[in-house]
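# Residue-level structure breakdown
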Amino acid sequence: MRAVLAPSGEPVHRHDVTLRPAATAMVWIGPGQPHQAMAVPGVALAPHDVLVAVELSTICGSDILTVQGRRPAPAPLVLGHESVGRVIAIGESGSAAVDGSPLRVGDRVVWSMTVSCGACDRCASGIPQRCRRLATYGHARIEPRWELTGGFGGHVHLRDGTAIVRVPEALPAATLAPVPCATALAWAALARAGRVHEPSGARVVVFGAGMVGLTAAAIAVEEGATVLLVDSDPGRRAIAGRFGLVATTPDAVAEAAADIVIEASGRDVSAAIAAADVGGAVVLVGSVFPTESAGPAGTAGSVPDPGPVAPVSPDPVALDSERIVRGLVTVAGVDGYTGEELAAAVAFMAGRGRAYPFAELVGAIHPLAAVDEALAAAASPDAPLRVGLAPR
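If you check an unreviewed UniProt entry, the protein appears there as alcohol dehydrogenase from Microbacterium resistens. Database annotation for the protein, UniProt heading Sequence similarities (unreviewed entry): "Belongs to the zinc-containing alcohol dehydrogenase family." Under Cofactor (unreviewed entry), UniProt gives the following word-for-word description of the protein: "Zn(2+)".

Reading across from one edge, 12-11-10-13-14-15 is the order of the 6 strands in this open sheet, with parallel pairing throughout. Of all strands in the sheet, those bounded by a partner on one side alone are strand 12 (246-248) and strand 15 (330-334). Pairwise comparison of adjacent strand axes, ignoring direction, gives a mean angle of 20° for this sheet. As paired strands, strand 13 (residues 258-263) and strand 14 (residues 276-285) are joined by 5 bridges and run parallel to one another. Across the sheet, residue Ala258 finds its bridge partner in strand 14, namely Ala276. With respect to the sheet, helix 5 (residues 211-222) is in contact with strand 10 (203-207), strand 11 (226-230) and strand 14, its orientation differing from that of strand 11 by roughly 170°.

To continue, consider the packing of aromatic side chains. In total, this model carries 5 aromatic pairs according to the counting rule given. Pairwise contacts between aromatic rings join Phe243, Tyr356 and Phe358 into one cluster. Between the NZ or CZ atom of Arg159 and the centre of the ring of Trp146, over which it lies, the distance is 4.5 Å.

Turning our attention to the pattern of salt bridges. Summed over all chains, the structure comprises 11 salt bridges. Note that Asp335 is salt-bridged to Arg130, the shortest N-O span being 2.1 Å. Separated by 205 residues along the polypeptide, Asp335 in the loop between strand 15 and helix 9 (339-350) and Arg130 in the loop between helix 2 (121-124) and strand 7 (135-136) bring together distant segments of the chain. Under the relative-accessibility criterion, Arg130 is labelled partly exposed at 36%. With a shortest N-O distance of 3.0 Å, Arg203 and Asp277 are connected by a salt bridge.

Scoring rules and cut-offs
Residues numbered from 1 in each chain as written. Predicted model: local features only at pLDDT ≥ 70, side-chain atom pairs only at ≥ 80, totals over all residues. Heavy atoms only, no water. UniProt positions renumbered as here; feature names shortened; annotations may be inferred. Pairing = 2+ DSSP bridges. Helix = DSSP H or I, 4+ residues; strand = E, 2+ residues; numbered from the N terminus. Axes fitted to C-alpha atoms, helices over the stretch in contact; angles between N-to-C directions. Contact = heavy atoms within 4.5 Å. Phe/Tyr/Trp six-rings, centres within 6.5 Å; stacked < 30°, edge-to-face > 60°. Lys NZ or Arg CZ within 6 Å of the ring centre and 35° of its normal. Salt bridge = Lys/Arg side-chain N within 4 Å of Asp/Glu carboxyl O. Buried < 20%, exposed > 50% of the residue type's maximum accessible area, 1.4 Å probe, protein only.

Laid out in structure tokens, this is it:
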């Protein structure tokens, strides 16, 4: 055990954990460059930190945008924020799961995409995903004493302020890995809509049959809604059929008179607003993409599921403000989620979500060393909704 100084100047006692063999992480160093393997022989855990051995990670659309240079990122970094793993070490003061119970070595867990301080005004107001001291797994630059920052490695160093949730041993890793991104975002989107209109008995339209949209549609059905899924891709509509969901094309949806509209495609914002009935709620989730001219330095936001080839933004959306005002339509955005929403997403997958073939949405699972091939496969036009990476 040794002490280092925190940014506040206070000493932080760290517990050194030696890894034999050394942990391996695949480091992204910039667009057009192959990943480099990095050996990490040990980590220094702060009092409430947790070290997790990764079981499986899946490739999210934001990972694809990063390697393509279409999403700004502070290289070098370790990509990956959709993962499931097992606790192998805990800091000297222990750590707790979202439900307040102490974590133990051997627990199988998923964790939030972000690290929050828990003390700033944003954390106090219930939006820790926008913490003023935010750090993000898979998109944070490697730094001293925090090298294992993403899921594209054999281990991830979870810092204090990460929401951690235990997961059932019986659920497939392919079902669980996307939960910290797609599933939790889908749950958060419906929870946000629920502030305006309860899903039970509601007419719900979901734009985008990617991982987020399919999950949101499945959750809405289980909450008692009548759901219509909208996607221009016939392959994705076919997947929706395997989930027992009704799917159609965007041109078949005009004024759908929906109580709740979830826009998860990034392409149909105007259509989503037009589909809302009087008093309806429209939630935009993952609908921010870099413009074609932005390049590597452009501004990009949340991209949970852009599809095999990420779309680029068209001209700014024409906002029909009169329709929104006279129709009493609520338009909200969702980017990230709370720890409680992550726990609820896990509970859905462990319960009613078992009725759906989520594990089938993950296609080929590549070895960690083949990360570049896996990313290329995930970006291909005929890619499955998710491609996996397994370190072992």
